[in-house]
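Geometric and topological summary
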Amino acid sequence: MAKCSELLVLKLGLCSSISDKGLAFISSSCGKLIELDLYRLVNLLGCFLLSQSSSVGESNLTSLYFNSCNSITDDGLAALANGCKKIKMLNLCYCNKITDTGLGHLGSLEELTNLELRCLVRITGIGISSVAIGCKNLIEIDLKRCYSVDDAGLWALARYALNLRQVSFLQSFRLFP
């Protein structure tokens with residue numbers, strides 16, 4: 001990987017032996033990387049590579065897929081928001097440790113346009129409000145099976161996410177009393 005300085009896209013889905021340490025090495029060696037797919041990586045402890053981005057310059061990542069990475073936490077999202085300001089597409093589907101606190105960190109991602117949160121059962125309207133208020137360029141959000149999101153989250157999306165074009169939900173909300 002040390003000679004992959006021109007690498008733009010890396011897909012590591014289902015590579016169970018990859019850890020935060022390996023991702024940190026990739027982060028420091030592949031400065032042009034714009035898309036990283038970490039589907040079902042189980043050995044991540046919370047975005048180590050992203051928290052290290054500040055030591056090698058801000059990350060150029062624009063698309064990041066954490067789909068089904070069950071060890072991604074709110075602290076990991078804080079690191080992401082701190083080191084990956086250029087993120088436009090973020091997939092956190094089935095990352096079951098994420099809460100409203102984590103979504104609060106994402107509110108600082110001003111370039112975020114697409115956010116996939118399918119089946120995050122620990123998020124509520126409070127977290128969605130943070131995203132709606134902070135992510136002014138949000139175009140699409142996937143809230144399928146986010147059972148605890150309520151009217152307040154939808155209200156915030158309608159009020160603050162002025163560029164929003166698509167909201168996906170199915171078996172999701174506790175709407176109205």
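Presented here is a report on the structure given in the accompanying data block. (Residues numbered from 1 in each chain as written. Predicted model: local features only at pLDDT ≥ 70, side-chain atom pairs only at ≥ 80, totals over all residues. Heavy atoms only, no water.)

**Some words on the sheet that holds strand 7 (residues 166–168)**
The parallel open sheet is built from seven strands, whose spatial order is 1-2-3-4-5-6-7. Sheet topology places strand 1 (9–11) and strand 7 at the edges, where each strand pairs with a single neighbour. Adjacent strand axes in the sheet meet at a mean angle of 0 degrees, parallel and antiparallel pairs treated alike. Sheet analysis places strand 1 next to strand 2 (residues 35–37), joined by three bridges and oriented parallel. What sits directly across from Lys11, in strand 2, is Asp37. (Pairing = 2+ DSSP bridges. Helix = DSSP H or I, 4+ residues; strand = E, 2+ residues; numbered from the N terminus. Axes fitted to C-alpha atoms, helices over the stretch in contact; angles between N-to-C directions.)

**Some details on a nonpolar patch on the surface**
Together, Leu8, Val9 and Ile34 line one region of the surface with nonpolar side chains, adding up to about 220 Å² of accessible area. On the secondary structure map, Val9 appears in strand 1. (Patch = residues over 30% accessible without salt bridge, like charges linked within 9 Å, V, L, I, M, F, W, Y side chains within 5 Å. Areas by Shrake-Rupley, 256 points an atom, 1.4 Å probe, with all protein chains shown as cover. Salt bridge = Lys/Arg side-chain N within 4 Å of Asp/Glu carboxyl O.)

**Points about the nonpolar core**
Grouped together as the largest cluster of nonpolar side chains are 43 residues, with contacts concentrated most on Phe66, Leu90, Leu92, Leu106, Leu115 and Leu117. At the level of secondary structure, the elements contributing two or more residues to this core comprise helix 1 (20–29), helix 3 (74–83), helix 4 (100–106), helix 5 (125–134) and helix 6 (151–160). Excluding residues within four positions of it along the chain, Leu117 makes contact with Leu92, Cys93, Leu103, Ile123, Ile128, Ile141, Asp142, Leu143 and Cys146. (Core = buried A, V, L, I, M, F, W, Y, C linked by side-chain atoms within 4.5 Å. Buried < 20%, exposed > 50% of the residue type's maximum accessible area, 1.4 Å probe, protein only. Contact = heavy atoms within 4.5 Å.)

**So, the environment of Trp155**
Inspection of the secondary structure assignment puts Trp155 in helix 6. For Trp155, a relative accessible area of 53% puts it in the exposed group. As a C-alpha pair, Trp155 and Ser129 span 26 residues in sequence and 8.2 Å in three-dimensional space.

**So, the pattern of salt bridges**
With the rule as written, the count across this model stands at four salt bridges. Notably, a salt bridge pairs Glu35 with Lys11, separated by 3.8 Å at the nearest N-O pair. Taken as a pair, Glu35 in strand 2 and Lys11 in strand 1 lie far apart in primary sequence, 24 residues in all. You can call Lys11 exposed: its relative accessible area is 56%. The salt bridge partner of Arg118 is Asp142, with a shortest N-O separation of 2.5 Å. Note that Arg118 is positioned in the loop between strand 5 (114–116) and helix 5 and Asp142 in strand 6 (residues 140–142), a separation of 24 residues in sequence. Among the residues examined, Arg118 registers a relative accessible area of 21% and is labelled partly exposed. Through salt bridges with shared partners, one network takes in Arg118, Asp142 and Lys144.

Function cannot be inferred from these measures alone, as they are strictly geometric.
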